[in-house]
Amino acid sequence: MFQIRPHFAYEKVINWFPGHMAKGLRIISEKLSSNVVRILNYIIIIYIPLSAINLKFEEIAGAKDRVIVYNKTDLADESVQEQIIKSFAKYRPNQRVIFTSANVDKNVKSIIKIAAAKAKEDSIQYSYVTVMVVGMPNVGKSTLINSMRSIGVHKGKAARTGALPGVTRSVAGTVKVLENPSVYLIDTPGVMIPHISDPINSLKVALTGGIRDHVADLEVMADYLLWRLNQFGNFSYVEKFKLPGPTDDINILLQAIGKRIGALQKGGAVDLNNSAMFFVKQYRQGKYGRYTLDDVSPEGIEAHFTQVVDPVLSKNQAKKLEWAKKTEKRLERWRKKGLLKGKNSFN
Ligand SMILES: Nc1nc2c(ncn2[C@@H]2O[C@H](COP(=O)(O)OP(=O)(O)OP(=O)(O)O)[C@@H](O)[C@H]2O)c(=O)[nH]1
């Protein structure tokens, strides 16, 4: 009889934080702390609205004016948007949230309007506004920049896009997206969460395309996807791959997929990795419906903000304060010894 596993057992954490991301994060942080960037466009992929919040961005953004852009709305459950708006109103009342499908220019104009309003707000002090676009890999940053440019100044592509995560590898120059008032954008490399602590969250990020597939295990991703589809009561894979009925066994499904698409090895055995890749890619293209993988019930969101986001941010804040105090003490010692002139310059 068909039964779904009560829990998905997975203990490994998939972490992907290559050197270009660490460097990108450093430069993003420097530019943000200068006055060059006045708005931060923080893009999150909608089908993991909570797991994809990169607390590193939250931390370095500080009080900078920001717009949270949930992109790829064409691939996720639309009813989730209302829940997200409510939760931001409660936990982040100063942050604006916008839902876009950058690949078809949907709702992109709203972001240009926000930037234009900011430029007009203090036009005496500034003659233009610069918006930095940040987000995890593959969320659609470059696509959004191209879309804003096409809508705002009717010009073609400025940023390279690609289906693989990690296409943009360095912080680029500025791209003009509006003439009057002048609005510029800065594209940045996708920066992954430096250390994802929850194994299932890391699996979700990999499944939705944020981590290069060779770093994660495609068969495990496919297994998790199957388990979630079964949970949602979505058995469309049965007909698609001519199975006798639903299954909770990824091997049965991958065998069927391999035979159907001809993913076979030399001796005729099914190539499980290629079959898994086919299944996962189809999901990423929205071929299994529009599902959100995080728990976005009011309780789920509340738990995320109060038990995950806020404790991590306040812990990091406390660490920073402690570090600042230690530095001040050290400088004071050096000043007493006569090693420092004035506030903190050396003799
Ligand atoms: N379905 C859908 N696909 C999108 C959307 N926006 C972008 N994409 C696709 O997502 C993939 C990644 O887009 P990019 O714009 O290259 O993403 P990025 O965030 O710049 O990627 P990195 O260079 O890895 O940081 C591309 O295949 C885009 O066509 C969207 O709103 N909906």
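These figures come from a predicted structure and were not determined experimentally.

Moving on: the packing of aromatic side chains. The description of an aromatic ring pair rests on the distance of the ring centres and on the angle between the ring planes. Enumeration over the complete set of coordinates arrives at 13 aromatic pairs. Look at Tyr42 and Phe57: their rings are 5.4 Å apart centre to centre, the planes differ by 70 degrees, and that puts the pair in the edge-to-face class. Of the two residues, Tyr42 sits in strand β1 (residues 39-45) while Phe57 sits in helix α2 (residues 55-61), which places them 15 residues apart along the sequence. Relative to Phe88, the ring of Tyr70 has its centre 6.3 Å away and its plane inclined at 75 degrees; by these criteria the two rings are edge-to-face. A residue pair is termed long-range when its members are at least 10 positions apart, and Tyr70 in strand β2 (residues 66-71) and Phe88 in helix α3 (residues 80-91) qualify at 18 residues. Overall, Tyr70 belongs to the buried group, its relative accessible area being 1%. Clustering of aromatic rings is evident, with ring pairs tying together Tyr70, Phe88, Tyr91, Phe99 and Phe305.

Further remarks concern the nonpolar core. Membership of the largest hydrophobic core comes to 97 residues, with the highest contact counts inside it found for Tyr70, Leu253 and Phe279. With eight residues, the single largest contributor to this core is helix α7 (residues 218-232). Contact partners of Phe279, with chain neighbours within four places excluded, come to Ala222, Leu225, Leu226, Leu229, Leu253, Ile257 and Tyr288.

Judged by side-chain charge, Lys325, Lys329, Arg333 and Lys337 come together as a positively charged surface patch. Relative to the assigned elements, Lys325 resides in helix α11 (residues 298-336).

What follows deals with the UniProt feature "binding site: GTP" (unreviewed entry) in the protein. UniProt's feature table lists "binding site: GTP" (unreviewed entry) at Asn71, Lys72, Thr73, Asp74, Asn138, Val139, Gly140, Lys141, Ser142, Thr143 and Gly190, given in the numbering used throughout. Structurally, Thr73 is set in the loop between β2 and α3. For Thr73, a relative accessible area of 6% gives the class buried. Those residues in contact with Thr73, other than ones at most four positions away along the chain, are Ile46, Gln81, Phe99, Thr100, Ser101 and Arg290. Inspection of the secondary structure assignment puts Thr143 in helix α5 (residues 141-153).

With that settled, the discussion passes to the side chain of Asn230. If you trace the backbone, Asn230 turns up in helix α7. Note on Asn230: relative accessible area 2%, which makes it buried. The contacts of Asn230, once residues within four sequence positions are left out, are Phe2, Ile4, Phe235, Tyr237, Thr247 and Asp248.

Quick notes on the rules
Residues numbered from 1 in each chain as written. Predicted model: local features only at pLDDT ≥ 70, side-chain atom pairs only at ≥ 80, totals over all residues. Heavy atoms only, no water. Phe/Tyr/Trp six-rings, centres within 6.5 Å; stacked < 30°, edge-to-face > 60°. Helix = DSSP H or I, 4+ residues; strand = E, 2+ residues; numbered from the N terminus. Buried < 20%, exposed > 50% of the residue type's maximum accessible area, 1.4 Å probe, protein only. Core = buried A, V, L, I, M, F, W, Y, C linked by side-chain atoms within 4.5 Å. Contact = heavy atoms within 4.5 Å. Patch = residues over 30% accessible without salt bridge, like charges linked within 9 Å, V, L, I, M, F, W, Y side chains within 5 Å. Areas by Shrake-Rupley, 256 points an atom, 1.4 Å probe, with all protein chains shown as cover. Salt bridge = Lys/Arg side-chain N within 4 Å of Asp/Glu carboxyl O. Lys, Arg positive; Asp, Glu negative; His and termini not counted. Charge placed at Lys NZ, Arg CZ, Asp CG, Glu CD. UniProt positions renumbered as here; feature names shortened; annotations may be inferred.

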